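If you want the building blocks of each chain, they are given just below.
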Amino acid sequence: ILNTPFDEAQKASTWQKIIKKIQDYVQKNTRLKIPVIYGIDSIHGANYIRESTLFPQPLSMAASFNVEIAREVGRITSLETRAAVKKI
């Protein structure tokens, strides 16, 4: 599931509750109990997580031809997105 269910960023704890509820449902109500792969849209950084960093369009960064900046944005986005699901 790739999800962006809100019109504003949510706390990491809110995302943790949502994802836990989905995984708990799957474990209780499906025959195979296969965990759901859940993703939060992070195209501009982890912008659906409150207090995360909002980055420019990836195309803009690509046009700079600065690979190090793009790599650093990816690293930061990864860390901030994982923080939303860390407690699960």
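Above this text is the structure in question.
Given the structure is predicted, the values throughout are model-derived calculations rather than measurements.

Trainee: Whenever I open this one, the overall build of the protein confuses me. Can you help?
Mentor: What the protein contains, in helices and strands, is 3 helices and 2 strands. Walking the protein from its N terminus toward its C terminus, one meets helices and strands in the order β-α-β-α-α. Here the C-alpha atoms of the protein give a radius of gyration of 15 Å, more than 25% beyond the 12 Å that 2.2 N^0.38 yields for 88 residues. Each principal axis of the C-alpha atoms in the protein carries an extent, and together these give about 50 × 25 × 20 Å. Nonlocal contacts in the protein, meaning residues at least 24 apart in sequence, comprise 56% of its contacts between residues at least 6 apart. Total accessible area computed for the protein in this model is approximately 6500 Å², and 60% of it derives from carbon and sulfur atoms. One way to put it: in the protein the 13 positive side-chain charges average out to a point 12 Å from where the 8 negative ones average out.

Trainee: Which parts of the structure should I look at to understand the side chain of T77?
Mentor: With respect to the helices and strands, the residue T77 is situated in helix α3 (residues 67–85). With near-sequence residues (within four places) excluded, T77 lies in contact with S42, G45, A46 and F55.

Trainee: Explain the pattern of salt bridges here, please?
Mentor: Proximity of charged atoms lets side chains of opposite charge pair with each other. Across all of its chains, the model carries 4 salt bridges by this definition. Across the pair E72 and R75 runs a salt bridge, and its minimum N-O distance is 2.7 Å. With a gap of 3 residues between them, E72 and R75 both fall in helix α3, about one helical turn apart. For E72, a relative accessible area of 35% corresponds to the partly exposed category. We classify R75 as partly exposed; its relative accessible area is 43%.

Trainee: Explanation requested: the environment of A12 in the structure shown.
Mentor: With respect to the helices and strands, A12 occurs in helix α1 (residues 12–29). On the basis of relative accessibility, which here comes to 24%, the residue A12 falls in the partly exposed class. A sequence separation of 38 residues divides A12 from R50, and the C-alpha atoms of the two residues are 7.0 Å apart. Discounting chain neighbours no more than four positions away, the residues touching A12 are I49, A83 and A84.

Definitions and cut-offs
Numbers given to residues run from 1 along each chain, matching the order in which its sequence is written. Per-residue local features of the predicted model are confined to residues with pLDDT of at least 70, and side-chain atom pairs are confined, for both listing and counting, to 80 or more; whole-chain, interface and lining totals are unaffected and use all residues. In computing side-chain values, all of the structure's heavy atoms are included and hydrogens and water are not. The numbering of helices and of strands both runs from the N terminus, where a helix is a DSSP run of H or I of at least 4 residues and a strand a run of E of at least 2. Based on C-alpha atoms, the radius of gyration is set beside the globule rule, defined as 2.2 Å times the residue count to the power 0.38. We call two residues in contact when some of their heavy atoms are within 4.5 Å. Only the protein chains shown count as cover for residues, with accessible areas throughout obtained via the Shrake-Rupley method and a probe of 1.4 Å. The convention is simple: Lys and Arg are positive, Asp and Glu are negative, and His and the chain ends are not counted. Charge coordinates come from a single atom per side chain, which is NZ of Lys, CZ of Arg, CG of Asp or CD of Glu. The term salt bridge refers to a side-chain nitrogen of Lys or Arg lying within 4 Å of a carboxyl oxygen of Asp or Glu. When a residue's accessible area, from a 1.4 Å probe over protein chains only, is under 20% of the maximum for its type it is buried; when over 50% it is exposed; and in between it is partly exposed.

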